[in-house]
Amino acid sequence: MSGDYYPYSKYTRVWIPDTEDVWKAAEIVKDYKEGDPVLRLKLEDETPLEYPVGPKSNPLPFLRNPDILVGENDLTALSYLHEPAVLHNLRVRFLESNAIYTYCGIVLVAINPYEQLQIYGEEVINAYSGQNMGDMDPHIFAVAEEAYKQMARDEKNQSIIVSGESGAGKTVSAKYAMRFFATVGGSASDTNVEDKVLASSPIMEAIGNAKTTRNDNSSRFGKYIQIGFNRHYHIIGANMRTYLLEKSRVVFQAEDERNYHIFYQLCASASLPEFKDLALTSAEDFTYTSLGENIFIEGVNDAEDFKKTREAFTLLGIKESSQNSIFKVIASILHLGNVEICSDRDGESCHIARKDVHLQHFCNLLGVELQQMEHWLCHRKLATTSETYVKTMSTKQATNARDALAKHIYARMFDWIVEHINLSLQTSTKQHSFIGVLDIYGFETFEVNSFEQFCINYANEKLQQQFNSHVFKLEQEEYMKEQIPWTLIDFADNQPCIDLIEARLGILDLLDEECKVPKGTDQNWAQKLYNKHSSSAHFQKPRMSNISFIIIHFADKVEYQCDGFLEKNRDTVYEEQINILKASQFQLVADLFSDKDDVTPAKSARVNVRALKTVPKAPNKEHRKTVGHQFRTSLHLLMDTLNATTPHYVRCIKPNDFKEAFSFDSRRAVQQLRACGVLETIRISAAGYPSRWTYPDFFNRYRVLMKKSDMMTADKKLVCKNLLETLIKEPDMFQFGKTKIFFRAGQVAYLEKLRTDRFRSACIKIQKTVRGWLQRIRYRKIRKMAVTLQRYGRGYMARRYAEFLRQTRAAIICQKQYRMVRERREFLRVRRAVVTIQAYARGMFTRRIYQEFLLHHKAMIIQKNVRGWMQRKQFRRARNAAITIQCAFRRMHAKRQLKQLKIEARSAQHLKKLNTGMENKIVQLQRKMDDQSKELRTQNEQLQTVNTSLGSEVNKLQKQLELLRSEQEDGGQVRSLEEELEHLRKELEEAHALRNKMEEEHINEKMDLTQRVDELERENSLLKSEKEEMNRRILQHSKSTEEEVSSVSLQSELDKERERYQNLLKEFSRLEQRYDNLKEEMSLNKFQPGHTRNPSNQSSLESDSNYPSVSTSEIGDTEDSIQLVDEMGIDKAAMDISLFMKLQKRVRELEQERKKLQLTVEKMEELAKRKGSQSRPSTSEQETADLAYNNLKRQELESENKKLKNDLNELRKTVAERASQNSSSNELQDGYNLLLSQLKSANEELDARKEEVLILRTQIVSAAQLQEKNENILSLNTTETDSTPVVNNSKEPVDKEEALKAYHGLCESKKLLEAQLQTQSRQHKDELEALHTQIELLKGDIEDKQEKLSYMMSLSPEAQVEYSVQQEITRLTNDNLDLKELVEKLEKNERKLKKQLKIYMKKVQELEAAQAAAQSSRSKPELIRQVTVQRKEKDFEGMLEYNKENEALLVKTLINDIRPNNVSGTVPCLPAYILFMCIRHADYINDDQKVESLLTSTINAIKKVLKKNNDDFEMTSFWLANTSRLLHCLKQYSGEEAFMTQNTPKQNEHCLKNFDLAEYRQVLSDLSIQIYQQLIKVAEGIIQPMIVSAMLESESIPSLAGVKPMGYRNRSSSMDMDADGPTSYTLQALIKQLGQFHNIMRDHGLDPEIIGQAVRQLFHCINAVTLNNLLLRKDVCSWSTGMQLRYNTSQLEEWLRGNNLYQSKAAATLEPIIQAAQLLQVKKKTSQDAEAICALCTALTMQQIVKILNLYTPLNEFEERVTVSFIRNIQNRLQERNDPPQLLLDTKHTFPVLFPYSPSALSLEMLHIPASLNIDFLVRV
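Basis of the calculations
Residues numbered from 1 in each chain as written. Predicted model: local features only at pLDDT ≥ 70, side-chain atom pairs only at ≥ 80, totals over all residues. Heavy atoms only, no water. Helix = DSSP H or I, 4+ residues; strand = E, 2+ residues; numbered from the N terminus. Buried < 20%, exposed > 50% of the residue type's maximum accessible area, 1.4 Å probe, protein only. Contact = heavy atoms within 4.5 Å. Areas by Shrake-Rupley, 256 points an atom, 1.4 Å probe, with all protein chains shown as cover. Phe/Tyr/Trp six-rings, centres within 6.5 Å; stacked < 30°, edge-to-face > 60°. Polar contact = N/O pair within 3.5 Å; in protein donor to acceptor, adjacent residues only side chain to side chain. Axes fitted to C-alpha atoms, helices over the stretch in contact; angles between N-to-C directions. Parallel < 35°, antiparallel > 145°, perpendicular 65-115°, else oblique. Left-handed = near helix turned anticlockwise from the far one by under 90°. Nonpolar A, V, L, I, M, F, W, Y, C, P; charged D, E, K, R; others polar. Pairing = 2+ DSSP bridges. Lys, Arg positive; Asp, Glu negative; His and termini not counted. Salt bridge = Lys/Arg side-chain N within 4 Å of Asp/Glu carboxyl O. Patch = residues over 30% accessible without salt bridge, like charges linked within 9 Å, V, L, I, M, F, W, Y side chains within 5 Å. Core = buried A, V, L, I, M, F, W, Y, C linked by side-chain atoms within 4.5 Å. Charge placed at Lys NZ, Arg CZ, Asp CG, Glu CD. pLDDT = per-residue confidence, 0-100. Expected span 1.5 Å × (residues − 1).

Peer 1: Requested: an account of the overall build of the protein chain, with residues and values cited.
Peer 2: Secondary structure summary: the protein chain contains 55 helices and 26 strands in total. When burial is assessed residue by residue, the protein chain has 45% of its 1821 residues classed as buried. Look at the contacts in the protein chain between residues 6 or more apart in sequence, and 75% of them connect residues 24 or more apart. Accessible area of the protein chain: about 97,000 Å², with a carbon and sulfur share of 52%.

Peer 1: Could you give me a rundown of the packing of aromatic side chains, with the residues and numbers involved?
Peer 2: Going through the model one piece at a time under the given rule, you end up with 35 aromatic pairs. With a centroid separation of 5.5 Å and 70° between ring planes, the pair formed by W23 and F62 is classed as edge-to-face. In this pair, W23 sits in strand β2 (residues 22-28) while F62 sits in strand β5 (residues 62-63), placing the two residues 39 residues apart along the sequence. Taking the relative accessible area as the measure of exposure, W23 reaches 16% and is therefore buried. Looking at F62, the relative accessible area reads 35%, which means it is partly exposed. Ring-pair connections join several aromatic residues into one group, and the members of that group are Y120, F141, Y148, Y176, F180, F181 and F229.

Peer 1: For the side chain of S1704, give the residues involved together with the corresponding values.
Peer 2: Turning to its location among the elements, S1704 is positioned in the loop between α50 (1679-1698) and α51 (1706-1709). Accessibility expressed as a relative area gives 16% for S1704, which makes it buried. Here the side chain of S1704 touches L1701 through a polar contact of 2.5 Å, landing on its backbone oxygen. Ignoring sequence-local partners within four residues, the contact set of S1704 consists of G1652 and R1656.

Peer 1: Please give an account of the packing of helix α47 (residues 1558-1593) against helix α49 (residues 1648-1671) that cites residues and values.
Peer 2: Where α47 meets α49, the closest approach of the two axes is 9 Å, and the angle between their N-to-C directions is 40°. Classified by the angle their axes make, α47 and α49 are oblique. The interaxial crossing formed by α47 with α49 has right-handed handedness. Residue-level inspection shows Y1572, I1576, A1579, E1580, I1583, Q1584, I1587, V1588, M1591 and L1592 of α47 in contact with α49, the latter providing I1650, Q1653, A1654, Q1657, L1658, C1661, I1662, V1665, T1666, N1669 and L1670. Residues belonging to the contact of α47 with α49 are distributed by class as follows: 15 nonpolar, five polar and one charged.

Peer 1: Please set out the sheet that holds strand β19 (residues 548-552) residue by residue, giving values where relevant.
Peer 2: Spatially, β18-β19-β20 is the arrangement adopted by the three strands of the open sheet, whose pairing is antiparallel. One side of each edge strand has no neighbouring strand; the edge strands of this open sheet are β18 (539-540) and β20 (557-561). Where β19 lies against β20, five bridges are found, and the strand directions are antiparallel. Counterpart to I551 in the pairing with β20 is V558.

Peer 1: I'd like to hear about the sheet that holds strand β4 (residues 48-52), residue by residue, with values.
Peer 2: Whether parallel or antiparallel, the strands of a sheet pair through hydrogen bonds between backbone atoms. With respect to topology, five strands assemble into an open sheet ordered β4-β3-β2-β1-β5, the strand pairing being antiparallel. Edge positions in the open sheet fall to β4 and β5, since each of these has one partner strand only. In this fold helix α1 (residues 83-96) packs onto β1 (13-18), β2 and β5, with an angle of close to 100° to the strand it touches most, β2.

Peer 1: An account of the side chain of D137 is needed here, citing residue identities and associated values.
Peer 2: Considering the arrangement of structural elements, one finds D137 in the loop between α2 (122-128) and α3 (140-154). No salt bridge is formed by the buried D137; the nearest opposite charge belongs to K1747, separated by 4.8 Å. A distance of 2.6 Å separates the side chain of D137 from the backbone nitrogen of K1674, its partner in a polar contact. Residues in contact with D137, not counting those within four places in the same chain, are N73, Y103, Y128, L1671, L1672, R1673, K1674 and L1751.

Peer 1: With reference to specific residues and values, describe a nonpolar patch on the surface.
Peer 2: There is a patch of nonpolar side chains on the surface, built from I766, V770, W773, L774 and I777 and spanning about 460 Å² of accessible area. Take L774: it is sitting in helix α28 (residues 747-905).

Peer 1: Describe in detail the pattern of salt bridges, supporting the description with residues and values.
Peer 2: Within the structure shown, the criterion is met by 35 salt bridges. Between K568 and E452 there is a salt bridge, with the nearest N and O atoms lying 3.2 Å from each other. Of this pair, K568 sits in helix α17 (residues 565-570) while E452 sits in helix α13 (residues 451-482), placing them 116 residues apart in sequence. Since its relative accessible area comes to 17%, E452 is described here as buried. D657 is paired through a salt bridge with K654; the nearest N and O atoms lie 3.9 Å apart. A relative accessible area of 0% means that K654 is categorised as buried.

Peer 1: Any chance you could break down the nonpolar core for me, citing the residues and the numbers?
Peer 2: Core analysis: the biggest nonpolar cluster contains 316 residues, and F181, F549 and L1670 have the highest contact counts within it. No other element matches the 16 residues that α47 contributes to this core. Once residues lying within four places of it in the same chain are set aside, the contact partners of F181 are A144, A147, Y148, I160, G186, I227, F229, I235, I435 and V437.

Peer 1: Now, about unusual backbone geometry: what can you tell me, with residues and values included?
Peer 2: Not every positive phi belongs to a glycine, and N98 is a case in point at roughly 55°. Within the secondary structure, N98 is located in the loop between α1 and β6 (101-104). Relative accessible area serves as the criterion here: at 24%, N98 is assigned to the partly exposed category. A positive phi angle is found at E293, which is not glycine, with a value near 65°.

Peer 1: I'd love a proper account of a positive patch on the surface, names of residues and values included.
Peer 2: Together, R872, K873, R876, R877 and R879 give the surface a local cluster of positive charge. By the element assignment, R877 lies in helix α28. A residue is classified by how much of its surface remains accessible, and R877, at 54% relative accessible area, is exposed.

Peer 1: Explain the pairing of strand β3 (residues 38-43) residue by residue, including any values.
Peer 2: Burial along β3 is one-sided: the residues L39, L41 and L43 are buried and none of V38, R40 and K42 is. As paired strands, β2 and β3 are joined by three bridges and run antiparallel to one another. Bridge pairing links A26 to L43 in β3. Here five bridges tie β3 to β4, and the two strands are oriented antiparallel to one another. Within β4, the residue paired with L41 across the bridge is L49. In textbook terms, the turn of a hairpin is the stretch between consecutive antiparallel strands, and for β3 and β4 this stretch comprises four residues, one of which, E46, has a positive phi near 70°.

Peer 1: Residue-level account of the confidence of the model for the protein chain, with values.
Peer 2: Here the protein chain averages 78 in pLDDT, while 75% of its residues score no lower than 70. Mean pLDDT values over the elements of the protein chain span from 33, in helix α20 (residues 602-607), up to 94, in helix α6 (residues 261-268). The low-confidence segment residues 1416-1434 (pLDDT under 50) makes 13 contacts with residues lying over four places distant or belonging to another chain. For residues 1607-1622, every residue scores under 50 in pLDDT, and the model assigns this stretch 42 contacts once sequence neighbours within four places are set aside.

Peer 1: Got a sec to walk through a negative patch on the surface? Specific residues and values, please.
Peer 2: Taken together, the side chains of E1336, E1343, D1344 and E1347 make up a negatively charged region of the molecular surface. Tracing the backbone shows D1344 in helix α39 (residues 1284-1353).

Peer 1: Requested: an account of the environment of K1452, with residues and values cited.
Peer 2: Take K1452: it is sitting in helix α42 (residues 1447-1456). The sequence separation of K1452 and A1501 amounts to 49 residues, and the corresponding C-alpha distance is 8.1 Å.

Peer 1: Kindly report on the pairing of β1, identifying the contributing residues and their values.
Peer 2: Taken together, the six bridges between β1 and β2 define a ladder with antiparallel strand orientation. Of the residues in β2, the one forming a bridge with W15 is A25. Hairpin connection of β1 to β2: three residues between the antiparallel strands.

Peer 1: Provide a residue-level description of α28, including the pertinent values.
Peer 2: End to end, α28 covers just 157 Å across 159 residues, shorter than the expected 237 Å (1.5 Å per residue, more than 12% under). Those residues of α28 not exposed but buried are Q747, V748, A749, Y750, L751, E752, R755, T756, G795 and G843. Elements in contact with the buried residues of α28: β22 (691-694), α25 (695-702), α27 (716-727) and β24 (740-743).

As structure tokens, then:
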């Protein structure tokens, strides 16, 4: 050590002795110099103290360790190893951290918390399994894992020695160790040996544990359990050995103690029916159970415990009858204790009361004779050499004999139960190795110590000797392995004390010898001890007693009372009582007391018949082995066993005598630490080199003490050596080993002090530099302020002077200007006055001239009016005279003309001319009307209506004509006809007027529409102006934004915004063009009046097909589609399936129209036949004309239909030819081109034919009427030639008939015009409304854009960027949704159209096949063959056929032999699709056996493959994907409506027809779950070894982790020192592994939902393992680990986002570990911090939060520990949470997996099967 360092200097902290707390902390306030008699100290409460120091009597006090070392997991890591340091470290861990386990080298110190802790669950076992002993916090499971690992690695038997005082928790520790072995080393078979091993615990606790004043469940015997393992290290059996049962407890208990638990359990269950024969009542009613005066234990239910005991008996294979016998024996002991022994009068004898109920029950329960037992309980037999006689006993002797019998019975029963437990735990398998768990009593010292305490302390002496030698051996091995000089360490050897007890003529020998003496007494034996061992250093005689002795044990002096030693050593039971029990009628009772060592041959039996004196020999033989001798023998056997194994030590400490939870009594703890050997271990370690550091850890910790040049050296070991040689001058204070540096006690503290000083000096230097920098900054700031003030002051003075000069100059200028203004104003005033005078003078002269001119003008007007009046008066007089003359002349001429007209009116030729002209006009009007309605689609129906009406009118006129002919002689009819004709003329004029009016209204409406169009154009121009304004503002905004923000990201956002506006402008221009088109169309409609005809309702092809046709709403109008083809072009239209369907619909309409017209013709023919029998020739002629017209129309339509059929055949031929070609694109385009051209020409031809039919019909009707009229005239002329008036009268009706027809024609034309106008007005209104709607939408859009633009202009540049990004994201999202919806609609429509196309192609092929059969050309057969081959491929129904004998080959090829890489380039889940296609065919042929066999074979084969590859993740993922896909296929094609909603029509056709495979779906679902669980298991097995290293140990952020001194953990024997150590994984390796898992599952086609669930499960495993290790490791609970952990979790979250798995709830599973990392990083001092922690850590339980705070460890002295008060504050705040009590997370927890239904979009008929699968035996169907 350096010369300037002296440990006892100022501020050094020390430990001083204290009467209450054993040791008390203090601090030196003044440097101590050698020779000073007093050390000046200050206690923690600031009390000064002068501590006397002497070289011999009172040495210097112990030094305290640095705070950074307080609370260490391993006591050997402390720099100063002594008693106060050990005690303080245990106290801090126990009270502040609630840590009950602490390492002390190879010893695990366990402090009983007297409280149930949640640290022993299966999840804790899993956390410690496979871990090195020092890697986790101290725990009994860590010791058990160490023993298990060394047994497997070294192939050597192990032992765990658990010792301690009564109530220290030995039994619990041993039980947890066995539970660990049962969990980790479970049996490989189904025998459940581990359950039987654990089941022995409740039995042994019931019969061997009892309540004492120190412990409610104290083991009153010692036991050593050997757990056997096979070569695979699975438990195969166990064996138990017991030591020194406390039999005296059966008959006596001290106050507030109880007998063994089994008695109270049996009494608590006495009311059960099966126990009525035991005659038991409450335990208070029996002497042996009521001596302690308290039969209950708080929190213990004896009845429930008894149920567990019985269950354990049953599990161990003990029959019900044997259990009942055991319970009878136990009950008999209770009844025996209640047997009342009465004293006789003489006092030397006694008797038992007659009819003693308890004695009767005792005899009945044990099956012995009542009289004999009653007799021998009060008598005894004495055997001498000559005779044997019976002697009475006193009451005390009889009572002692009864109690001895009770103890003997219980001891035999105890041994019998242990023996049968061992038999149940035995195995026939050869034991390869074992681990022994020794649960034995610790060192005991009471106020009164008897034979039991002597044996217990004797056993502890032996164990302590073995412990000392083992610790010494380990230290020696460590030094030799590191090749450092070995110096002999002196340690306390307790061999003299052991010799005092067990050597020849030792205490035990003298005791056995005294027991053999007939009159031997305890006093005589005590005297022999005094005489023999008075000279021994470990033996003393008390001063005040002659019946006790003192032994100085390794732990303490113990005074033993000699009373009862001989009796307990002899363990005397009278032979007569035993013989009665041997003769019991119950086999079990007889077996309990049989002499197993006696061999009774026939000869010896005959020899012993004669005399009774030989009878006592048998018991003498048995009793020759005293209790002390038996105990010594078994103890030697135990020590031999322990010495042959590798021991592991657990020392249990009782913290207080009041069983208070987490209460620490320092005096009691120190006493036990001394007794159990912990302090001896510390002393041995401190005598050598207790502190050990590896070279890398030492370099990382103390590199701050090195020079920069030293750190550049590559050899770290050399750097460490040079540093230590520089720092520590004494070479004996450290040694360099191969891998470690060894330090003596105190050297690490010295190095820590140097490190702290270096940090402190560095901090001071940093503070100095920073403060100087701050002062310099302050000076510069002040200087700058002064200069600024001076500058501003000087500037102010200069500005004042400049202001003075400026004001002076301004004053001169003001004077100059003022004078100038004054003079100018005077000049202007004079000038204004002159001008005013001139103006008034000139005005006066001008007005005078004007008045004179006005007078002359008025005179001229008067003259003009007078002269005009005179001339007009003269003109009127002349005009009136001329008119009078004209009127007279015209009246005369009119009279002459009227007379002439009346004569002409009677002439028929004149009337005929008039009618002929009118007829021609009517025909012209009708033709004009037909021309106007030529383009309208409904003209055919209107013409039929006109034809019908005209026919009816003709009939009426013909009837009137007949009437007129019959009344030819009546001259008054001519006048009436003239009047009617005049009336018709008037109506005709009115019709003309009405038509003119309608035309005027049409013109007005046209003007209104024109005005509305003008308004729309104005609005359009306004929108254009607004658009230009917005463009201008956008340009301005972009310019200003570019000037303000030069960021690339902002520029890109503005470009996107600009592009969006440009798209809007493009849309606006498109709407403008659309508006112009609408205007043109509206103008065309004005000159094409009419209405559209309705489309046909059904398709003619529907009757020939079973497939649904496309609806009219989806297809639209045919003519519009043709127009759209013209607009788009053939190339673009060929890609639009909807156009093709529109054209198909038009063909169907033409077919229907043909049928409809044919039906009409047939009806007309029938009507003509019915009217053929009528008598009137005129009517027959009319019907003949109509029939001729209809025939003509029919012929035309038939010819048209024939032509359309020919066109359709041509189309079908073309499609069939194109179908045989290889190029699908050319086929589709050419077919479209031909189809469009054919249909377009067909429509044109149809329109032309319609027009011709209408014209011909008009001509035929007109010709028929003229012919009929001529015939009538001729007939009249021939029959009545003698009378002219008659001829005139016969012609008049014909003219009237023609006039009526003309009139009705005008009415019909008027109606047509009205209908046309109404239709056009509706169309115009709809178009206007649509335009208004578009304009409103554009206005709203522009307003929104303006609002957003104004809002964005008001924001800052950064906010503008963010706002624009948000708007762009919103827009893109909406566009994406719209496009997605549009794509879905298009895909749906495409699927429907493809289906229709296939149907029509199939029809065309069938027609072509029928037509090609009659043709002889050579090319046609080739085409038919090609079409046939193509149709066979198209008709593939997605089924695969196989023979029954090929099923095994199919399963072998697709399941057993297939590998994922074989089908990596094909469709995912190809085997599942192929299997389902085979199932479909079996269903198609209705073969249920084939379906069942294939599914069963498939499931079994998958299970076999997975079992064979149970650790192959890729294979498991592959079959999980295929199994789930097969399950989905069975659902998708099941035919159930719930699974068919997303199917295509073709997929619905592929549904299963015959079988319901719901049960197999359930089986496949279960299989999928099993595969998923196996997948998770394999994945967790791969990543679990990586988690702790990657998440907690690897330095993702370099130079954050700190290094602390680690004690025994770095030399743990569990580490494989020959290897390079455990594999270290980084976070990147873990993420890479997760990525591999994800890629494999994705490539195999596993559903994304299942992938998300698997990733979620793996992340739960990562979280659980990481958090559990964090909760069990003190060394990682630091701020730096929290930082590393938070970074690691963020990397995992980033991986989730990168793989689109963030929505799978996997990130939520990391919330606990994220909050734990935040908890390590937050501040932990004030109540506000506590409140913040409670609000932050919602995913952590209260136990976890408190555990992390307790484990939080500062890495250096600059951090502060978490105070106990802060932790209590946290606990109080979290009390209301009601969190689960468990501490660790369950790593085996699995989330329920869901397999959501995911139908496949793949059509089975489109599936391609590669030839590499070698399944040629499958036939496509």
